[in-house]
Amino acid sequence: MSSTPSGAIVAPGSFLTLHYRLAGPAGDIINTFGDKPATLSLGTGELSPAVEQRLIGLPEGTRATFELPPGEAFGERNPEMQQWVARKLLAQMGDPDEQYAVGDVVQFPTPDGSGSYAGAVIEAHETAVRFDFNHPLAGQPVSFEVQLIGVL
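Throughout this document, residue positions are counted from 1 along each chain, in the order its sequence is written. Only residues with pLDDT of at least 70 are given local features in this predicted model, and only at 80 or more are side-chain atom pairs given and counted; all residues enter the totals for whole chains, interfaces and linings. In computing side-chain values, all of the structure's heavy atoms are included and hydrogens and water are not.

J.: Talk me through the pattern of salt bridges; I want residue IDs and the actual numbers.
T.: In the sections that follow, a salt bridge refers to a side-chain nitrogen of Lys or Arg positioned within 4 Å of a carboxyl oxygen of Asp or Glu. Applying the stated criterion to the full structure yields six salt bridges. Between Asp28 and Arg21 there is a salt bridge, with the nearest N and O atoms lying 3.1 Å from each other. Taking the relative accessible area as the measure of exposure, Asp28 reaches 42% and is therefore partly exposed. Taking the shortest distance from any N to any O, the salt bridge between Arg63 and Glu145 comes out at 2.7 Å. Taken together, the positions of Arg63 in strand S4 (residues 63–68) and Glu145 in strand S9 (residues 142–151) put the pair 82 residues apart, joining distant regions of the chain. In this structure, a network of salt bridges that share partners links the residues Arg21, Asp28, Arg63 and Glu145. With a 1.4 Å probe rolled over the protein chains alone, any residue whose accessible area is under 20% of its type maximum counts as buried; one over 50% counts as exposed, and the rest are partly exposed. Secondary structure is summarised from DSSP: a helix means a run of H or I of at least four residues, a strand means a run of E of at least two, and numbering begins at the N terminus for each.

J.: With reference to specific residues and values, describe the environment of Phe33.
T.: Mapped onto the elements of the fold, Phe33 is located in the loop between strand S2 (27–31) and strand S3 (38–41). Owing to a relative accessible area of 22%, Phe33 belongs among the partly exposed residues under this scheme. Along the sequence, Phe33 and His19 sit 14 residues apart, while their C-alpha atoms lie 5.4 Å from each other. Contacts are assigned to residue pairs that have any heavy atoms within 4.5 Å of one another. Filtering out sequence-adjacent residues up to four positions away, Phe33 remains in contact with His19, Tyr20, Arg21, Arg63, Glu145, Val146 and Gln147.

J.: So what's going on with the environment of Pro96? Residues and values would help.
T.: With respect to the helices and strands, Pro96 occurs in the loop between helix H2 (87–93) and strand S6 (105–109). Taking relative accessible area as the criterion, Pro96 reaches 61% and is therefore assigned exposed. Expressed as a C-alpha distance, the spacing of Pro96 and Glu126, which sit 30 residues apart in the sequence, is 13 Å.

J.: Can you explain the layout of surface pockets? Please cite residues and give values.
T.: Its boundaries defined by the atoms lining it, the largest pocket holds a volume of some 210 Å³. Looking at the lining of the largest pocket element by element, the count peaks at three residues for strand S7 (residues 116–124). Side-chain classes follow a simple rule in which Ala, Val, Leu, Ile, Met, Phe, Trp, Tyr, Cys and Pro form the nonpolar group, Asp, Glu, Lys and Arg form the charged group, and the remainder, Gly included, forms the polar group. Among the residues forming the lining of the largest pocket, the class breakdown is four nonpolar, three polar and two charged. Only protein atoms enter the 1 Å grid, on which a cavity is a set of points fitting a 1.4 Å probe that cannot get out and a pocket is an open set with protein on both sides within 12 Å along at least 5 of 7 lines, lining residues being those with an atom within 4 Å of a point. Grid points are joined across faces, edges and corners, and a volume is the space filled by probe spheres set on the points.

J.: Which residues make up the packing of aromatic side chains, and what values go with them?
T.: For Phe, Tyr and Trp, rings pair up if their centres lie within 6.5 Å, where Trp contributes its six-membered ring, and each pair is then called stacked (planes under 30 degrees apart), edge-to-face (over 60) or tilted (otherwise). Enumeration according to the criterion identifies seven aromatic pairs in this entry. Each residue in the set Tyr100, Phe108, Tyr117, Phe131 and Phe133 is aromatic and connected to the rest through ring pairs, giving one cluster.

J.: Kindly report on the nonpolar core, identifying the contributing residues and their values.
T.: In this text, buried Ala, Val, Leu, Ile, Met, Phe, Trp, Tyr and Cys residues form a nonpolar core when linked through side-chain atoms within 4.5 Å. In terms of nonpolar packing, the biggest core is built from 23 residues, with Val10, Leu16, Tyr20, Leu55, Leu68 and Phe144 touching the most fellow members. At the level of secondary structure, the elements contributing two or more residues to this core comprise strand S1 (15–24), S3, helix H1 (49–55), S4 and S9. For this core, the leading source of residues is S9, giving five residues. Residues in contact with Phe144, not counting those within four places in the same chain, are Tyr20, Arg21, Leu22, Val51, Arg54, Leu55, Ala64, Thr65, Phe66 and Leu68. Among the nonpolar cores identified, the runner-up in size contains nine residues, and Val85, Val106, Phe108 and Val121 belong to it.

So, in structure tokens, the structure goes:
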């Protein structure tokens, strides 16, 4: 990793333009390398703290890959994050005729309505659907590849 004397260095709170890839044992979860780069601010929760920590101190222009051990990037899997949701409630929140299949990812509004979070269908019955709200890479080793395009 070499830097030019004028190259900016990533610090807490930096605004970044970058390509990045997050992958687990089953493959990519996020990969911006084939698309437009991402822009984000460190410390705002867009990346996990463990992933952000790998970026601190890197000079602009760096391309690197980091291997994070199981559970470090997105925590351990939490069985309490698997919840049943009544189909009646799902119908009130969205399309009443929606069909839910194992593996589908559904967006839910946060209680204050200011954002959303995702749950993956792990079981579906006539009256309820069971969702896993754990991050898809929770409890797994993660490969994090980054190319820092710009640092402000």
